[in-house]
Amino acid sequence: LKAGVRVADVGCGGGGMLIQFARSFPKYVFHGFEVSAEAVSLARFELGKARLDNVVIHEADEAIGSRDCDGFDIILTYDVLDDAHDPIYIMVAVKQALKPDSGVWILGDVLCKPSTRENIVSNPAAAVGYAFSTCLWMSCGLSYPGGLGLGTLGLTTPVAKKMLGKVGFGGIEVVLKKDLVRWFLVRIR
């Protein structure tokens, strides 16, 4: 992989994954975006300990598409969309921030089936996922006017493909299902 690749981690949390990637790919430039002020503080603290100069942490209110560049080569999200009150907003922001001809979005989220019954039969932890989702994630997602409240097991493959398609993404493919996570490779049409 070439030097100078620009990578964004949207919903970077405390920066753990971002810092590991930055160590592994020192010629890449990484930008982490996070909505939680506490997580941003933690990510900056961990980044300071790691002494890496190829990572910048941003408050999520700094639009990812407004960097002084031609866009990101790669954007990562892991377990973000199902918890967001407005996942479409995030999808649009990612689309605007990607390099239009060559950028890719690596989207990881909870591996789930289209129905509650299928989830409970195929995944022994699904009942716990529904419990957490009902008590926490859906409450967060529905706390805003128009919030979708997808919840932990709500971003199924058909739902994700439909939402991504509405926003203008094409070439949506599931590239890996492992350890209860489903990874999509998403490109702009």
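Above this note sits the structure.
To start, this report covers the structure provided alongside it. From a predicted model like this one, the values you see are computed outputs, not experimental measurements.

## Some details on the overall build of the chain
Looking only at helices and strands, one finds six helices and seven strands in the chain. Along the chain, helices (α) and strands (β) appear in the sequence β-α-β-α-β-β-α-β-α-α-α-β-β when read from the amino end. Compactness check: the chain gives a C-alpha radius of gyration of 17 Å against a globular reference of 16 Å for 189 residues, within 12% of the reference. Out of the 189 residues in the chain, the part that is buried amounts to 44%. Of the contacts made within the chain by residues no fewer than 6 positions apart, 66% connect residues no fewer than 24 positions apart. Accessible area of the chain: about 10,100 Å², with a carbon and sulfur share of 59%. Across the chain, the 20 positively charged side chains and the 20 negatively charged ones have centroids separated by 7 Å.

## A closer look at the sheet that holds strand S7 (residues 181–188)
On the basis of which strands lie adjacent, the open sheet formed by seven strands has the order S3-S2-S1-S4-S5-S7-S6 and mixed pairing. Looking at strand neighbours, the two that pair on one side only are strand S3 (55–59) and strand S6 (169–178), the edges of this open sheet. Neighbour-to-neighbour, the strand axes of this sheet turn through a mean angle of 20°, independent of strand direction. Docked against the sheet, helix H6 (residues 157–167) engages strand S5 (104–110), S6 and S7, running at close to 155° with respect to S6.

## Observations regarding the packing of aromatic side chains
The way to describe two aromatic rings as a pair is by their centre distance and the angle between their planes. Under the criterion given, the structure shown has five aromatic pairs. Between Phe33 and Phe72 the ring centres are 6.4 Å apart and the planes differ by 85°, which places this aromatic pair in the edge-to-face class. Here Phe33, found in strand S2 (residues 29–34), pairs with Phe72, found in the loop between S3 and strand S4 (74–78); they are 39 residues apart in sequence, far enough to count as distant. For the pair shown, Phe33 and Phe72 are each scored as buried. On the basis of an interplanar angle of 50° and a centroid distance of 5.3 Å, the ring pair of Trp105 and Phe169 is categorised as tilted.

## A few points about the side chain of Ser133
Looking at the secondary structure, you find Ser133 in helix H5 (residues 126–142). Look past the residues within four positions of Ser133 in its chain and what remains in contact with it is Met138, Ser139, Gly151 and Thr152.

## Description of the pairing of S4
In this structure, strand S1 (residues 6–10) lies alongside S4, joined through three bridges in parallel fashion. Paired with Ala8 across the two strands is Ile75, which belongs to S4. Two elements, S4 and S5, share five bridges in a ladder whose sense is parallel. Opposite Leu76, over in S5, you have Ile106 as the bridge partner. Remark: the S4/helix H3 (residues 87–97)/S5 crossover connection has right-handed handedness.

## As for H3
The α-helix advances 3.6 residues per turn, and as a result positions three or four apart in sequence lie on the same side. Of the positions making up H3, those classed as buried are Pro87, Ile90, Met91, Ala93, Val94 and Ala97. Each buried residue of H3 lies within a common arc of 165° when the element is viewed along its axis, so the set occupies one face. Every exposed residue of H3 that faces more than 90 degrees away from the buried side is listed here: Tyr89 and Gln96. Contacts from the buried residues of H3 go to S1, S4, S5, H6 and S6.

## Thoughts on the nonpolar core
In this structure, Ile64, Ile75, Met91, Val94, Trp105, Leu164 and Phe169 are the most contacted members of the largest nonpolar core, which totals 27 residues. Per-element tally for this core: the top contributor is H3, with five residues. In this view, Ile64 contacts Val10, Phe33, Phe72, Ile75, Ala93, Val94 and Ala97; residues no more than four positions away in its chain are not counted. Listed in part, the 15 residues of the second largest apolar core include Ala22, Leu47, Ile57 and Leu76.

What counts as what
- Residues numbered from 1 in each chain as written.
- Predicted model: local features only at pLDDT ≥ 70, side-chain atom pairs only at ≥ 80, totals over all residues.
- Heavy atoms only, no water.
- Helix = DSSP H or I, 4+ residues; strand = E, 2+ residues; numbered from the N terminus.
- Rg over C-alpha atoms; globule rule 2.2 N^0.38 Å.
- Buried < 20%, exposed > 50% of the residue type's maximum accessible area, 1.4 Å probe, protein only.
- Contact = heavy atoms within 4.5 Å.
- Areas by Shrake-Rupley, 256 points an atom, 1.4 Å probe, with all protein chains shown as cover.
- Lys, Arg positive; Asp, Glu negative; His and termini not counted.
- Charge placed at Lys NZ, Arg CZ, Asp CG, Glu CD.
- Pairing = 2+ DSSP bridges.
- Axes fitted to C-alpha atoms, helices over the stretch in contact; angles between N-to-C directions.
- Phe/Tyr/Trp six-rings, centres within 6.5 Å; stacked < 30°, edge-to-face > 60°.
- Right-handed = clockwise from strand over helix to strand, strands pointing away.
- Arc of directions from axis to C-beta.
- Core = buried A, V, L, I, M, F, W, Y, C linked by side-chain atoms within 4.5 Å.

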